Amino acid sequence: MRLVIDSANIESIKKLVEYFPIDGVTTNPSIVVKEQKPFLPLLKEIRAVIGEEKELFAQTIAGDAEGMGEEARWLCEAVSGNVVVKIPVTMEGIKAIKMLKAEGIRTLATTVYTPMNAYLAAKAGADYVAPYVNRIDNLTGNGAKVVAEITEIFSKHNLSCEILAASFKNVQQIHNVCLAGSHGITASPELIEALVNIPSIEDNVKAFRQDWMGQYGEGSLILSEDK
Ligand code: G3P
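- For the protein chain, the name recorded in an unreviewed UniProt entry is Transaldolase, with Bacillus infantis NRRL B-14911 as its organism.
- In its Subcellular location (unreviewed entry) section, the UniProt record describing the protein chain reads: "Cytoplasm".

Focus: the domain arrangement of the protein chain
(1) Moving on: Per the domain assignment, the segments making up the protein chain are domain 1 (2-189) and domain 2 (197-226).
(2) Moving on: Computed over C-alpha atoms only, the centres of domain 1 and domain 2 are separated by 42 Å.

Remarks on the sheet that holds strand β1 (residues 2-6)
By way of backbone hydrogen bonds, the strands of a sheet pair with one another, either parallel or antiparallel.
(1) Moving on: An order of β1-β2-β3-β4-β5-β6-β7-β8 is seen for the eight strands of this closed barrel, with the pairing classed as parallel. Across the sheet, the mean angle from the axis of one strand to that of its neighbour is 25°, orientation sign disregarded.
(2) Moving on: Strand direction decides the pairing type here: strand β7 (residues 162-165) and strand β8 (residues 184-187), joined by two bridges, are parallel. Note on β8: the bridge partner recorded for Ala 165 is Ile 185.

Side note on the site of the ligand
(1) Moving on: The environment of the ligand is made up of Asp 6, Asn 28, Ile 31, Lys 86, Tyr 132, Arg 135, Ala 166, Ser 167 and Lys 169.
(2) Moving on: Within the side chain of Lys 169, a nitrogen or oxygen atom sits 2.7 Å from an oxygen atom of the ligand.
(3) Moving on: In isolation the ligand offers 310 Å² of accessible surface; the protein chains occlude 84% of this area.
(4) Moving on: Grouping the amino acids of the shell around the ligand by side-chain chemistry returns three nonpolar, two polar and four charged.

What to know about the environment of Tyr 113
(1) Moving on: Here Tyr 113 is to be found in the loop between β5 (107-112) and α6 (115-124).
(2) Moving on: For the pair Tyr 113 and Ala 96, spaced 17 residues apart in sequence, the C-alpha to C-alpha distance is 19 Å.
(3) Moving on: In contact with Tyr 113, other than residues within four places in its own chain, are Tyr 132, Arg 135, Ile 136, Leu 139 and Val 146.

Focus: the packing of α6 against helix α8 (residues 143-156)
(1) Moving on: The contact between α6 and α8 brings their axes to 9 Å, and the two run at 35°. Judged by the sense of rotation from one axis to the other, the crossing of α6 with α8 is right-handed. Along the contact surface, α6 presents Pro 115, Met 116, Ala 118, Tyr 119 and Ala 122, while α8 presents Val 146, Glu 149, Ile 150, Ile 153 and Phe 154.
(2) Moving on: When its residues are assigned to classes, the contact of α6 with α8 shows nine nonpolar, no polar and one charged.

Some thoughts on unusual backbone geometry
(1) Moving on: A positive phi angle, near 60°, is found at Thr 140, a position not held by glycine.
(2) Moving on: When you line up the elements, Thr 140 lands in the loop between α7 (133-138) and α8.
(3) Moving on: Of the residues examined, Thr 140 reaches a relative accessible area of 77% and is grouped as exposed.
(4) Moving on: One non-glycine residue, Ser 167, adopts positive backbone phi at about 60°.
(5) Moving on: Mapped onto the secondary structure, Ser 167 falls in the loop between β7 and α9 (171-179).
(6) Moving on: Overall, the relative accessible area of 14% leaves Ser 167 in the buried class.

Re the packing of aromatic side chains
(1) Moving on: All chains considered together, the criterion is met by four aromatic pairs.
(2) Moving on: Measuring from ring centre to ring centre gives 5.5 Å for Phe 57 and Tyr 128, while their planes differ by 65°; the resulting arrangement is edge-to-face. Residue Phe 57 is found in strand β3 (residues 55-59), and its partner Tyr 128 is found in strand β6 (residues 128-131); the two are separated by 71 residues along the sequence. Per residue, the accessibility class of Phe 57 equals that of Tyr 128, and both read buried.

Basis of the calculations
Residues numbered from 1 in each chain as written. Predicted model: local features only at pLDDT ≥ 70, side-chain atom pairs only at ≥ 80, totals over all residues. Heavy atoms only, no water. UniProt positions renumbered as here; feature names shortened; annotations may be inferred. Domains from an automatic or database assignment. Pairing = 2+ DSSP bridges. Helix = DSSP H or I, 4+ residues; strand = E, 2+ residues; numbered from the N terminus. Axes fitted to C-alpha atoms, helices over the stretch in contact; angles between N-to-C directions. Near = heavy atom within 4 Å. Polar contact = N/O pair within 3.5 Å; in protein donor to acceptor, adjacent residues only side chain to side chain. Areas by Shrake-Rupley, 256 points an atom, 1.4 Å probe, with all protein chains shown as cover. Nonpolar A, V, L, I, M, F, W, Y, C, P; charged D, E, K, R; others polar. Contact = heavy atoms within 4.5 Å. Left-handed = near helix turned anticlockwise from the far one by under 90°. Buried < 20%, exposed > 50% of the residue type's maximum accessible area, 1.4 Å probe, protein only. Phe/Tyr/Trp six-rings, centres within 6.5 Å; stacked < 30°, edge-to-face > 60°.

Dropping the structure here:
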């Protein structure tokens, strides 16, 4: 199951790649703009941090399929390594996904709200779909249920497209899509850290260390023979 960082912040990406088994980085126009940096150098900087193998996702902004296609080709030319182009699931987007599939360019269908959006994108040849879990929840929908249904449709009909669930505001939503069968999640650095930053864990570790040091006087397991 994939674990992807949804951020373009270099310091956060560096830290998470060092600590966690990260598979890639997703960006979108809003995430890029937050960094206030020139676009292409920023993507290249992310690439340098994550290496050539991990997937780097960048999104098109054109409104029509031809424009999306042009931007997608440019991205794949300009950025080295494993690039996946994010295309919104509009009518034009589906057309672009179909076109890019024929050209061998890998795509992720983004802004997915319903299982039928996902079905159409997968059928058109998208490598990934990104259901927007929190945004679905905010519409009084059920993001995790949408993910569960997409999982079922893909598996029942042998659609070789993966779900990279996106748009999370809390750990519970991530937990729910993992149970629903998502093939991966992309989340903010803060949420990825929150998967393990639980005060009880730190408290337990502190108590173990204190007990140990009370007996052996040292904060290491590696002791001399007489201790
Ligand atoms: O990757 C898509 C994601 O960034 C959208 O998330 O938090 O803006 O709803 P959010």
